[in-house]
Amino acid sequence: MLWVKSLHIVFVASWFAGLFYLPRIFVNLAMESDATATTRLLMMARKLYRFMSILGIFALVFGLWLWLGYGIGKGPGNGWLHAKLAIVVLLIGYHHACGALLKKFENGRNVRAHTWYRWFNEVPVIGLLLVTILVVVKPF
């Protein structure tokens, strides 16, 4: 079980690195006016999105293995896991929202300013904070 838990943590951390960095690329894309730089940033964003999607799938697989295979979070007194799973679903939605925003940039249809993307970039920070507190503290 400790191997599975270790792999889950590594893939979650790696997935979050992408969730933190992709919106930073969006900030730069929203501020960029040079076509060459925009092309380069879009290429970086596409590659990052594909890679972080794979990392997210592995994080999800190992997390499900812990839950369904080893029974972590099952039984009474494990309401923290339900809250964690709800936040994970929201983070998966955030991930897909990043993909939709990337498509808007690729199609030249971005309508948001760089300041909006700076705030958007804070969402996974809050998600990671809440999930970490739930997993470590297990408040309910």
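Above: the structure in question.
Since the structure is predicted, the reported quantities are computational estimates derived from the model, not experimental observations.

1. Brief notes about a nonpolar patch on the surface
Line of reasoning, step 1. A surface patch of nonpolar side chains, about 430 Å² in accessible area, is lined by Met1, Leu2, Trp65 and Tyr70.
Line of reasoning, step 2. Residue position: Met1 is located in the segment before helix H1 (2-31).
Line of reasoning, step 3. Since its relative accessible area comes to 41%, Met1 is described here as partly exposed.

2. Overview of the packing of H1 against helix H3 (residues 79-106)
Line of reasoning, step 1. Running from N to C, H1 and H3 cross one another at 35°; their axes reach a closest spacing of 11 Å. Of the two elements, H1 crosses H3, and the hand of that crossing is left-handed. Residues His8, Trp15, Phe16, Leu19, Leu22, Pro23, Phe26, Leu29 and Ala30 of H1 lie in contact with H3, whose contacting residues are Lys84, Leu91, Ile92, Tyr94, His95, Cys98, Leu101, Leu102 and Phe105.
Line of reasoning, step 2. Its residues placed into classes, the contact of H1 with H3 shows 15 nonpolar, 2 polar and 1 charged.

What counts and what doesn't
Residues numbered from 1 in each chain as written. Predicted model: local features only at pLDDT ≥ 70, side-chain atom pairs only at ≥ 80, totals over all residues. Heavy atoms only, no water. Patch = residues over 30% accessible without salt bridge, like charges linked within 9 Å, V, L, I, M, F, W, Y side chains within 5 Å. Areas by Shrake-Rupley, 256 points an atom, 1.4 Å probe, with all protein chains shown as cover. Salt bridge = Lys/Arg side-chain N within 4 Å of Asp/Glu carboxyl O. Helix = DSSP H or I, 4+ residues; strand = E, 2+ residues; numbered from the N terminus. Buried < 20%, exposed > 50% of the residue type's maximum accessible area, 1.4 Å probe, protein only. Axes fitted to C-alpha atoms, helices over the stretch in contact; angles between N-to-C directions. Left-handed = near helix turned anticlockwise from the far one by under 90°. Contact = heavy atoms within 4.5 Å. Nonpolar A, V, L, I, M, F, W, Y, C, P; charged D, E, K, R; others polar.

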